[in-house]
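Architecture at a glance
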Amino acid sequence: MEAVLKNMEVTVELVGVARHSSSVGLWDGPTLSRAFHWAQYCELVFHRFYNQCSIRRLMEQRLESTNSRLRATVPGYTCISFTDLSHLQNHLLLGLLSNPELPPSLITILCDSKRTKNLPNKHHEDFRGMCDILIRCKAACRLLRPLTDSWVGDAGTEVQAEMLMERLEDLLSHDSVAQGADWLSHGRDTQRAEHFLRSLLLGCEGAEQHFCHVMAAALLTENQQHRAAQECVVQWLHSDQRVLLLMCSTMSAKLLSQLAKQHQTFKDMYLCTLHGWAAQMEYSTDEGAWIQTSTNPYALMFQELTQHFKELCEACSSLRENILEHIMSLKKSNGDYDVEGLSVWGDLWTALHK
């Protein structure tokens, strides 16, 4: 495991160099290929271990120390989070494109829209045209009906979200049109829609994370015609806690906060989930940190919980006072300690005020 952690650490350093160092000017095709290879390696490591709490904790600790060291030595360095590992090739690409020292020859390779197959140097095949692919996705997103500014997704996800909303709207209106809009037909509509969502989830075995991102894109659409379908999705998430926990665990705190800001019921479920994960933590004197005792593989660590609460307070200013008051009341019920390690709520309160 130490070898995996070391590889991850070195690759994160590499991404930092790609964005900020003048040494990028000395890179050639093989060097660029190796860089994308290691970024892809970290993506594979993330998908292999993201739901294994003990290993994930080790990775997060190593990332924290690596980020701390790079912040102190690299001006303007942007920290890499655990979830950033899932798309580290994108971080590498954007970092390189923002570095003025990137050689024109490498820019030509990255922007090659033809993706030539008969190359004299096979090192280029893995990443040739990546910038062109990125541009095409951005253009497609602009052509599609826009979602909120907080959503950063690919065109395929947005199209799937739109198709999902249209299908749910069709299911929800079927009986009402045929039999009249009474409460009985509405109940049958909702059951049919929820059965459809369950079937979709079963068909997405192995791709549950993508399914969750489609859910998020659907909930963030501003099309008023989809309000009923959105309410159906939120209610289904309330009844299927597994999907909700996966969303809260794998999506960024910013995206989840935007969902909470737009949907009151989702906000309540999100806060309840964060509260439950915090309540199941125990302080380890050996590690000098709060550790997660929940058997749920999706439960977040203390640093991630803190970030989620911070983001929620920033996104929903009206919520900030209520959240802090609630945490303070829990802190007081635990003895109102200000000493680290005695109360998870006390330490969370302190972290939120840093």
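Let me sum up the structure you'll find in this document.

What counts and how
- Residues numbered from 1 in each chain as written.
- Predicted model: local features only at pLDDT ≥ 70, side-chain atom pairs only at ≥ 80, totals over all residues.
- Heavy atoms only, no water.
- Patch = residues over 30% accessible without salt bridge, like charges linked within 9 Å, V, L, I, M, F, W, Y side chains within 5 Å.
- Areas by Shrake-Rupley, 256 points an atom, 1.4 Å probe, with all protein chains shown as cover.
- Salt bridge = Lys/Arg side-chain N within 4 Å of Asp/Glu carboxyl O.
- Helix = DSSP H or I, 4+ residues; strand = E, 2+ residues; numbered from the N terminus.
- Phe/Tyr/Trp six-rings, centres within 6.5 Å; stacked < 30°, edge-to-face > 60°.
- Buried < 20%, exposed > 50% of the residue type's maximum accessible area, 1.4 Å probe, protein only.
- Contact = heavy atoms within 4.5 Å.
- Core = buried A, V, L, I, M, F, W, Y, C linked by side-chain atoms within 4.5 Å.
- Axes fitted to C-alpha atoms, helices over the stretch in contact; angles between N-to-C directions.
- Parallel < 35°, antiparallel > 145°, perpendicular 65-115°, else oblique.
- Left-handed = near helix turned anticlockwise from the far one by under 90°.

**Quick word on a nonpolar patch on the surface**
- Taken together, the side chains of Tyr 337, Val 339 and Leu 342 define a hydrophobic patch exposed on the protein surface, amounting to about 300 Å² of accessible area.
- Position of Leu 342 among the secondary structure elements: in the loop between helix H15 (317-333) and helix H16 (344-352).

**Focus on the packing of aromatic side chains**
- By the definition in use, this model includes five aromatic pairs.
- Ring centres of Trp 38 and Tyr 41 lie 5.2 Å apart, and the angle between their planes is 75°; this geometry places the pair in the edge-to-face category. Within this pair, Trp 38 and its partner Tyr 41 are both found in helix H2 (residues 29-49), separated by three residues, close to a single helical turn.
- Given the relative accessible area of 31%, Trp 38 is considered partly exposed.
- When its relative accessible area of 22% is taken as the criterion, Tyr 41 is described as partly exposed.

**Let's talk about helix H12 (residues 253-262)**
- Among all positions of H12, only Ala 253, Leu 255, Leu 256, Ser 257, Leu 259 and Ala 260 are buried.
- On its buried side, H12 packs onto helix H9 (208-219), helix H11 (241-250), helix H13 (264-279) and helix H14 (302-315).

**Section: unusual backbone geometry**
- Phi angles above zero are rare outside glycine, and Asp 336 is one such case at about 55°.
- Among the secondary structure elements, Asp 336 is positioned in the loop between H15 and H16.

**Remarks on the environment of Leu 168**
- If you trace the backbone, Leu 168 turns up in helix H7 (residues 155-179).
- Under the relative-accessibility criterion, Leu 168 is labelled buried at 0%.
- Spatially, the C-alpha atom of Leu 168 lies 8.9 Å from that of Val 233, the residues being 65 residues apart in sequence.
- Not counting the four nearest positions on each side in its chain, Leu 168 is found in contact with Ala 193, Phe 196, Leu 197, Ala 229 and Val 233.

**Details of the pattern of salt bridges**
- Within the structure shown, the criterion is met by 11 salt bridges.
- Where Arg 62 meets Glu 2, a salt bridge forms, and the shortest distance between an N and an O atom there is 3.0 Å. Linking Arg 62 in helix H3 (residues 53-73) with Glu 2 in helix H1 (residues 2-20), this pair joins segments that are 60 residues apart in sequence.
- Among the residues examined, Arg 62 registers a relative accessible area of 18% and is labelled buried.
- A salt bridge links Lys 331 to Asp 338, with the nearest nitrogen and oxygen atoms 3.0 Å apart.
- Look at the salt bridges and you will find they share partners, linking Glu 2, Lys 6, Glu 9, Glu 13, Arg 62 and Arg 69 into a network.

**Some remarks on the environment of Lys 261**
- Tracing the chain through its elements places Lys 261 in helix H12.
- Along the primary structure Lys 261 and Ser 317 are separated by 56 residues, whereas in three dimensions their C-alpha atoms are 9.7 Å apart.
- For Lys 261, the contacting residues outside a window of four places in its chain are Ala 315 and Cys 316.

**Focus: the nonpolar core**
- Formed by 96 residues in total, the largest nonpolar core has its most connected members in Met 59, Leu 85, Leu 96, Leu 237, Met 247, Phe 266 and Trp 277.
- In this structure Met 247 touches Cys 212, Met 215, Ala 216, Leu 237, Leu 256, Leu 259 and Phe 266, once residues within four positions along its chain are discounted.

**Quick look at the packing of H14 against H16**
- It is the contact of H14 with H16, at a shortest axis distance of 10 Å, that shows an interaxial angle of 55°. With respect to each other, H14 and H16 are oriented oblique. Where H14 crosses over H16, the handedness of that crossing is right-handed. For the pair formed by H14 and H16, the contact residues are Phe 302, Thr 306, Phe 309 and Lys 310 on the first element and Val 344, Asp 347, Leu 348, Ala 351 and Leu 352 on the second.

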